[in-house]
Amino acid sequence: MLLKLEPRGETSRAMIYLTPLLAILLTLIMGAILFALLGHNPLEAMYAFFISPISNSYGLGELAVKATPLILCAIGLALGFRANVWNIGAEGQLTLGAICGGGLALWFYDSESVFLLPAMALAGALGGLAWAAIPAFLKLRFNANEILTSLMLTYVATLLLSLLVHGPYRDPDGFNFPESRLFADSALLPVMVEGTRLHLGAAVAVFVVLVAWLVVSRSFIGFQIKVIGLTPAAAGYAGFRHHSLVWLTLLTGGALAGLAGLFEVAGPIGQITPVISPGYGFTAIIVAFVGRLHPIGILGAGLLIALSYLGGETVQIEMGLPQAVTGVFQGMLLFFLLACDVLIRYRVRWSIGASQEARGTAS
Amino acid sequence: MELEVARSDAAEPVVPRLELRGIDKSFPGCKANDGVDLSILPGEIHALLGENGAGKSTLVKIIYGILHADAGTIAWEGQKTHIAGPSFARNLGIGMVFQHFSLFEALTVAENIALGVEGDHDMSRLEARIEEVSAAYGLPLDPRRHVHSLSVGERQRIEIVRCLLQDPRLLIMDEPTSVLTPQEVDTLFGTLRRLSSEGCSILYISHKLDEIKQLCDTATVLRGGKFVGACDPKEESPQSMARMMIGDDVKEPKPQGDAQVGEVVLSVADLSLQSQDPFGTDLKAVTFNVHAGEIFGIAGIAGNGQNELLAALSGEQLVPDGAAVVIGGQPSGRLGPRRRRSLGLSFVPEERHGHGAVPALRLTENAFLSGHLREKLVRWGLIDFPKTAEYAQKICESFDVRTSGINAEASSLSGGNLQKFIIGREILQRPNLMIAAQPTWGVDAGAAASIHQALIDLAASGAAVLVVSQELDELFAISDRIAVMSSGHLSAARPTAATTLEEIGLLMGGDGGAAGERMINVA
């Protein structure tokens with residue numbers, strides 16, 4: 001045994017917060033090397049990937065637009081993950097949010113009421129919540145694994161959306177294209193900064209992050225979630241109710257994903273289309289883990305992953321690099337983060353094992 | 001392997017079976033062994049004594065090859081050697097019976113033994129050998145029985161027989177009697193003496209000083225990772241050995257004279273409950289009362305329904321008949337743990353890591369875990385951190401919890417310190433009813449004494465205290481009345497003063513049958 005991982009006595013608090021930054025730094029260095037090996041000027045490529053997409057206000061707005069659904073979904077998922085509730089069906093819950101909230105926009109197409117948008121947001125959240133209630137019920141009633149049920153329900157949700165946009169939701173004047181009507185202005189999220197697509201949903205996402213932070217770090221509920229995730233027996237000892245917490249985390253996750261879906265159709269898309277998300281609900285799982293299941297971390301991770309989408313598009317357009325670069329960067333980031341994590345909790349020992357090995361063979 | 005005759009004492013006629021010199025072993029943040037010497041002669045029963053955290057387990061793991069020493073030498077029968085791993089140790093002739101058994105409940109005795117033995121895996125031959133060895137050493141064991149149907153004592157026999165099949169020349173026993181009835185202990189000692197007379201050395205780890213005095217020829221004492229000295233237990237008194245062990249006099253708990261028995265605080269009436277665990281024990285018409293001001297002890301070998309009873313009392317398992325468990329006059333069978341806590345119940349579970357405390361959380365958070373309700377540590381749905389920290393600090397100070405601070409993770413505390421923390425956390429909530437399971441399990445003598453004293457003081461202050469324990473000595477030392485749990489039945493309670501160890505031991509089931517369906521009647 002030449003290489004040994006030994007737990008460090010005490011984990012440095014400062015390092016816990018520094019690791020993501022360290023991981024980003026390492027990703028940048030590796031990225032530069034990668035670009036150099038591909039025959040591009042690394043500085044130029046890095047600039048194109050990380051800086052140029054957000055070098056103007058429109059780019060910054062796009063960053064927030066892409067990060068909003070990621071963050072909303074990831075916050076909800078992280079609450080569940082902390083309690084060992086593995087909801088991976090945010091994509092489906094997001095879709096249901098779009099179907100329910102967007103449906104309301106179509107139903108009240110002529111309405112100019114200021115209450116339409118809040119009602120849509122509520123309907124969207126309830127749609128996602130209802131979709132997440134199914135795995136919650138199946139888990140608690142029949143002990144069905146929520147990973148499977150929530151994932152399978154995602155495909156049901158996508159098909160349901162397809163059915164609706166080909167049928168009842170279809171634009172009557174749309175030449176049979178499977179799309180809904182464009183939402184009326186009263187059903188669209190107001191743009192916050194002129195000249196960008198930055199919509200009110202981004203502000204809501206920031207608000208959700210703050211509330212989640214309060215819940216996770218300060219509240220009794222957050223404590224219960226943490227204990228049940230770490231040691232269910234201790235949670236039972238303290239009298240924390242497992243059933244209630246499963247319901248709570250799944251329904252919250254579903255509602256936030258539903259809200260994210262509604263924000264997509266009432267924001268950047270502006271109508272209901274057969275595809276409303278490029279997999280935000282799934283990518284949110286990565287965001288949740290890169291953000292350490294911590295709301296503030298998720299905020300950062302959401303922005304970073306959103307940037308990797310934008311950067312991937314930019315280098316594709318400007319330098320003719322494949323879109324796969326996005327995946328490579330996301331992968332490197334995750335890898336470096338996990339590696340840094342391990343090194344902070346454990347110390348690598350070479351000498352002890354090696355010397356003993358030597359002694360063992362010599363004697 | 002280089003041949004080296006051991007040091008200057010090579011001139012002596014007897015070469016030690018195992019000789020350790022200057023063993024060092026460090027873990028991050030602590031030096032577990034610091035220049036430890038140990039010499040075991042052939043056929044000797046050698047005690048290894050020390051408080052929890054004194055480095056006994058580390059030393060034994062080094063001998064068995066699970067850990068490797070940072071420095072120092074190991075000589076086996078005069079030959080310097082390096083024990084690379086457990087299989088190397090077994091080949092040398094070292095066998096080990098662990099405190100916690102590693103047996104598969106769904107497999108038979110023979111199958112379990114086959115898993116741990118190298119080489120011959122012909123089952124019928126193995127079964128024959130098991131029968132032969134177990135008969136020869138007075139360890140009755142049916143190789144075809146499934147492990148889940150065996151008592152703890154029988155399970156231990158499996159581990160011992162597994163070692164004996166390898167013809168060991170050194171047998172290491174880690175706290176072997178903690179799970180046995182007095183009668184089973186006698187049988188075990190007979191076996192060990194027999195082995196020793198045949199020339200097998202035994203390294204016996206225990207904190208029960210009486211046993212060591214009774215059984216062992218020599219004792220090596222460790223304190224804080226260091227070798228303190230060796231002594232002849234037969235020449236020493238338990239007190240003098242305890243002094244060597246902790247470097248201080250152990251405070252004997254002072255049992256109060258006449259318990260000021262008050263009203264009934266906990267009343268369990270005709271409690272029958274099916275176990276949630278397929279290998280568990282159903283409760284059968286358990287009936288008893290615990291009064292204010294008394295300590296009520298429940299003895300019994302593990303697995304006779306204690307876990308089921310404790311879960312039904314703590315509220316982790318609800319009881320359909322609400323009136324079967326009455327706390328402070330309130331039918332509580334159908335109340336959850338938090339509701340019962342608000343009635344004045346405090347509970348110390350047997351398992352401290354992962355049941356009584358969350359290892360990965362800090363002490364403050366662990367103080368909050370059960371203290372939030374009665375100490376009112378929640379305000380507007382948020383945790384009152386300053387108040388929680390104050391409470392955690394108070395626990396550490398009042399109960400002498402040795403830690404780097406209240407922000408230390410629970411997992412960083414030694415077993416005894418964490419147990420003191422948990423006991424303190426529960427006592428500071430000023431309970432009317434305290435239920436403690438195995439309160440001093442695996443805890444060193446010093447901490448055990450202070451835990452006992454705390455429980456006695458609590459009862460003296462007017463609380464009802466229920467202690468469920470397998471350690472009869474403990475129950476006899478602190479409890480006012482004792483009842484015995486066997487196969488899900490609880491015997492009638494009797495005053496401690498009016499009963500004897502033997503009597504209780506017999507009730508616990510000399511034939512050790514957790515599986516047997518016996519009704520115990522006590523006049």
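Predicted model only: the values in this text are computed from it and were never measured. (Residues numbered from 1 in each chain as written. Chains lettered and ligands numbered in written order. Predicted model: local features only at pLDDT ≥ 70, side-chain atom pairs only at ≥ 80, totals over all residues. Heavy atoms only, no water.)

(A) Up close: the overall build of chain B. For chain B, the helix and strand inventory stands at 16 helices and 23 strands. Summed over its atoms, the accessible surface of chain B is roughly 20,700 Å², and 51% of this surface lies on carbon and sulfur atoms. (Helix = DSSP H or I, 4+ residues; strand = E, 2+ residues; numbered from the N terminus. Areas by Shrake-Rupley, 256 points an atom, 1.4 Å probe, with all protein chains shown as cover.)

(B) Region of interest: the interface of chain B and chain A. Across the contact, 35 residues belong to chain B and 28 residues belong to chain A. A buried area of about 2,500 Å², summed over both sides, lies between chain B and chain A, and 64% of it is on carbon and sulfur atoms. For K226(A), the salt bridge is made with E365(B), and the minimal N-O distance between the two is 2.7 Å. Our count for the chain B to chain A interface comes out at eight residue pairs in polar contact (both at pLDDT 80 or more). If you list the elements that add at least two residues to the side of chain B that touches chain A, you get α10 (337-342), α11 (363-371), β18 (382-383) and α13 (415-427) of chain B. Here the side of chain B that touches chain A gets four residues from one element, more than from any other, and that element is α11(B). Class assignment for the residues of the side of chain B that touches chain A results in 17 nonpolar, nine polar and nine charged. (Contact = heavy atoms within 4.5 Å. Buried area = accessible area lost by both parts, 1.4 Å probe. Salt bridge = Lys/Arg side-chain N within 4 Å of Asp/Glu carboxyl O. Polar contact = N/O pair within 3.5 Å; in protein donor to acceptor, adjacent residues only side chain to side chain. Nonpolar A, V, L, I, M, F, W, Y, C, P; charged D, E, K, R; others polar.)

(C) Fine view of the domain arrangement of chain B. Residue and element names in this part refer to chain B. Domains assigned within chain B are domain 1 (8-93 + 168-246), domain 2 (251-344 + 431-523) and domain 3 (351-430). Across the contact, 18 residues belong to domain 2 and 16 residues belong to domain 3. Between the two partners, domain 2 and domain 3, sit one salt bridge. Salt-bridge contacts for R341 lead to E426; the nearest nitrogen and oxygen are separated by 2.9 Å. (Domains from an automatic or database assignment.)

(D) Main features of helix α10 (residues 242-269) of chain A. All names here are of chain A. When the terminal C-alpha atoms of α10 are compared, their 39 Å separation across 28 residues agrees well with the 40 Å that a helix rising 1.5 Å per residue should span. The axis of α10 is deflected most strongly, by about 25 degrees, at F263. Looking one or two places after α10, you find G270, whose phi comes out positive at around 80 degrees. (Expected span 1.5 Å × (residues − 1). Bend = angle between axes of the 7 residues up to and from the residue.)

(E) Region of the structure containing the domain arrangement of chain A. Residue and element names in this part refer to chain A. Domain annotation for chain A reports domain 1 (14-47 + 314-346) and domain 2 (67-293). Domain 1 and domain 2 are separated by 29 Å when their C-alpha centres are compared. Taken residue by residue, the interface counts seven residues in domain 1 and four residues in domain 2. A per-residue breakdown of the area domain 1 buries against domain 2 is headed by Q330, L334 and L337, which together make up 62% of the total. Between the two partners, domain 1 and domain 2, sit one salt bridge. We note a salt bridge from D341 to R292, for which the minimum N-O separation is 2.5 Å. If you look at where domain 1 meets domain 2, you find two residue pairs in polar contact (both at pLDDT 80 or more). No other element matches helix α13 (residues 324-345), which puts four residues into the side of domain 1 that touches domain 2. A breakdown of the residues in the side of domain 1 that touches domain 2 according to their chemical character gives five nonpolar, one polar and one charged.

(F) Structural view of the pattern of salt bridges. Residues and elements named next belong to chain B. The final tally for this structure, using the stated rule, is 24 salt bridges over all chains. For E77, the salt bridge identified is with R17, shortest N-O distance 3.1 Å. Taken together, the residues span a long stretch of sequence, with E77 in the loop between β4 (71-76) and β5 (79-81) and R17 in the segment before β1 (18-27) at a distance of 60 residues. Classification of E77 as partly exposed rests on a relative accessible area of 30%. (Buried < 20%, exposed > 50% of the residue type's maximum accessible area, 1.4 Å probe, protein only.)

(G) Structural view of the packing of helix α3 (residues 57-82) of chain A against helix α12 (residues 295-319) of chain A. All names here are of chain A. One way to put it is that α3 packs onto α12 with a least axis distance of 8 Å and a crossing angle of 135 degrees. In this view, α3 runs oblique relative to α12, as classed from their interaxial angle. Of the two elements, α3 crosses α12, and the hand of that crossing is right-handed. In this structure, α3 contributes G59, E62, L63, K66, A67, L70, I71, A74, I75 and A78 to the contact, and α12 contributes P295, I298, L299, G302, L303, I305, A306, L307, Y309, L310 and E313. Grouping the constituent residues of the contact of α3 with α12 by class yields 16 nonpolar, two polar and three charged. (Axes fitted to C-alpha atoms, helices over the stretch in contact; angles between N-to-C directions. Parallel < 35°, antiparallel > 145°, perpendicular 65-115°, else oblique. Left-handed = near helix turned anticlockwise from the far one by under 90°.)

(H) Layout of the environment of N289(B). Residues and elements named next belong to chain B. Summarising the element assignment, N289 is placed in strand β12 (residues 283-291). Relative accessible area serves as the criterion here: at 32%, N289 is assigned to the partly exposed category. Linking N289 and I202, residues 87 residues apart in sequence, is a C-alpha distance of 44 Å. When near neighbours in sequence (up to four residues on either side) are disregarded, N289 contacts V264, L266, S267, V268, E294, F296 and R481. A distance of 3.3 Å separates the side chain of N289 from the side chain of S267, its partner in a polar contact.

(I) View of the sheet that holds strand β15 (residues 330-331) of chain B. All names here are of chain B. In spatial order, the strands read β12-β11-β14-β15; together these four strands make up an open sheet with antiparallel pairing. Every interior strand has two partners, whereas the edge strands, β12 and β15, have only one. Pairing of strand β11 (residues 264-273) with β12 involves six bridges; the strand directions are antiparallel. Its bridge partner being in β12, L266 is matched across the sheet by V290. (Pairing = 2+ DSSP bridges.)

(J) Fine view of unusual backbone geometry. Here F175(A), not a glycine, exhibits a phi torsion of approximately 55 degrees, which is positive. Summarising the element assignment, F175(A) is placed in the loop between α6 (146-166) and α7 (200-218). We note that E77(B) has phi near 50 degrees; this positive angle belongs to a residue other than glycine.

(K) Spatial organisation of the packing of aromatic side chains. The tally for this structure, following the rule as stated, stands at 17 aromatic pairs over all chains. Ring geometry for F220(A) versus F368(B): centroids 5.6 Å apart, planes at 75 degrees, classification edge-to-face. Linking F220(A) in helix α8 (residues 220-230) with F368(B) in helix α11, this pair reaches from one chain into another. Given a relative accessible area of 11%, F220(A) falls into the buried group. Taking the relative accessible area as the measure of exposure, F368(B) reaches 1% and is therefore buried. Pairing F223(A) with F240(A) gives two aromatic rings, centres 6.2 Å apart and planes at 85 degrees, and the pair type is edge-to-face. Placement of the pair is F223(A) in helix α8 and F240(A) in the loop between α9 (232-238) and α10, with a sequence separation of 17 residues. Here F223(A) falls in the buried class, since its relative accessible area comes to 3%. Among the aromatic residues, those joined into a ring-pair cluster are F35(A), F49(A), F50(A) and F329(A). (Phe/Tyr/Trp six-rings, centres within 6.5 Å; stacked < 30°, edge-to-face > 60°.)

(L) Layout of the confidence of the model for chain A. With 94% of its residues at a pLDDT of at least 70, chain A reaches an overall mean of 88. Model confidence for chain A, summarised as mean pLDDT per element, is weakest for helix α14 (residues 351-362) of chain A at 40 and strongest for helix α5 (residues 116-142) of chain A at 96. (pLDDT = per-residue confidence, 0-100.)

(M) Here's a closer look at the environment of F207(A). Tracing the backbone shows F207(A) in helix α7. For F207(A) and E179(A), which are 28 residues apart along the polypeptide, the C-alpha to C-alpha distance reads 32 Å.

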